[in-house]
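Observations on the model geometry
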Amino acid sequence: MAVKDRDRFSTATRLRLLGEQTAARVYRSQSRRQARRSRLTGRAALLALVLCSMIVALAYPMRQYVSQRAQISDLQRQREQARERVEQLRDLKARWQDDSYAEQQIRRRLHYVMPGETGYVVVDPGGTARQSRADLKAARRPWYANVWDGVDKSDASDQ
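Scope of this entry: the structure provided in the associated data block.

Rules of the game
Residues numbered from 1 in each chain as written. Predicted model: local features only at pLDDT ≥ 70, side-chain atom pairs only at ≥ 80, totals over all residues. Heavy atoms only, no water. Helix = DSSP H or I, 4+ residues; strand = E, 2+ residues; numbered from the N terminus. Patch = residues over 30% accessible without salt bridge, like charges linked within 9 Å, V, L, I, M, F, W, Y side chains within 5 Å. Areas by Shrake-Rupley, 256 points an atom, 1.4 Å probe, with all protein chains shown as cover. Salt bridge = Lys/Arg side-chain N within 4 Å of Asp/Glu carboxyl O. Expected span 1.5 Å × (residues − 1). Buried < 20%, exposed > 50% of the residue type's maximum accessible area, 1.4 Å probe, protein only. Arc of directions from axis to C-beta. Contact = heavy atoms within 4.5 Å. Phe/Tyr/Trp six-rings, centres within 6.5 Å; stacked < 30°, edge-to-face > 60°.

Overview of the overall build of the chain
- Helix and strand counts for the chain come out as 6 helices and 0 strands.
- Reading the secondary structure of the chain in the N-to-C direction produces α-α-α-α-α-α.

Structure representation (structure tokens):
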């Protein structure tokens, strides 16, 4: 036992054990560094930073571009609708330029008759029993409100 105890406390044995422990620590720290390094390098961090700044810099202009394109398409649709409405109004104006059309509309809307003609208004005998609520309300309103309603109805019949 004395030889074993003497080897255990000898300088060479202690230096060998100390060297092994140090080598184990160095290898462990190198493997840790390599694991850390492989995850994220300085170049990768810089690249990620540049990409994020580019995305942030381009986000607002892209949003503006998309919203302006949507606005342009809405305006084009409105322009087409206005063009169609103008064509309808031109057709209506051309019809009103014709005297026979104007006479026909005057007779139909205002119940006018030509001199020498006899105008008839046919009243349904069961019509008084079927009077609508709108007619009852019209009877209770002032006369000028009924006149304006008649003007609105004649405008609506043109369209």
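Back to the text.
Regarding a nonpolar patch on the surface
- A cluster of nonpolar residues, Leu-46, Leu-49, Val-50, Met-54, Leu-58, Met-62, Tyr-65 and Val-66, forms a patch on the protein surface that exposes about 820 Å² of accessible area.
- Looking at the secondary structure, you find Tyr-65 in helix α3 (residues 42-97).

Quick notes on helix α4 (residues 99-110)
- Taking 1.5 Å of rise per residue, the 12 residues of α4 would be expected to cover 16 Å, and the 16 Å separating its terminal C-alpha atoms lies within 8% of that figure.
- Of the positions making up α4, those classed as buried are Tyr-101, Ala-102 and Gln-105. Summarising the axial view, the buried residues of α4 lie within an arc of 95°, below the 170-degree limit, and thus occupy one face.
- Summarising the contacts, the buried residues of α4 are in contact with α3.
- Positive phi shows up at His-111, right after α4, with a value of about 60°.

Examining the pattern of salt bridges
- With the rule as written, the count across this model stands at 7 salt bridges.
- For Glu-87, the salt bridge goes to Arg-90, with nearest N and O atoms at 3.3 Å. Here Glu-87 pairs with Arg-90, and both are found in helix α3, just 3 residues apart, close to one helical turn.
- Residue classification places Arg-90 among the exposed residues on the basis of a relative accessible area of 52%.
- Glu-103 is paired through a salt bridge with Arg-107; the nearest N and O atoms lie 3.5 Å apart. With Glu-103 and Arg-107 both in helix α4 and 4 residues apart, the pair spans about one turn of that helix.
- Accessibility expressed as a relative area gives 28% for Arg-107, which makes it partly exposed.
- Here the residues in one salt-bridge network are Arg-79, Glu-80 and Arg-83, joined through shared partners.

Concerning the packing of aromatic side chains
- Enumeration over the complete set of coordinates arrives at 2 aromatic pairs.
- Ring geometry for Trp-96 and Tyr-101: centres 5.3 Å apart, planes at 80°, overall edge-to-face.
- For Tyr-101, a relative accessible area of 16% corresponds to the buried category.
- Ring geometry for Trp-143 and Tyr-144: centres 5.8 Å apart, planes at 80°, overall edge-to-face.

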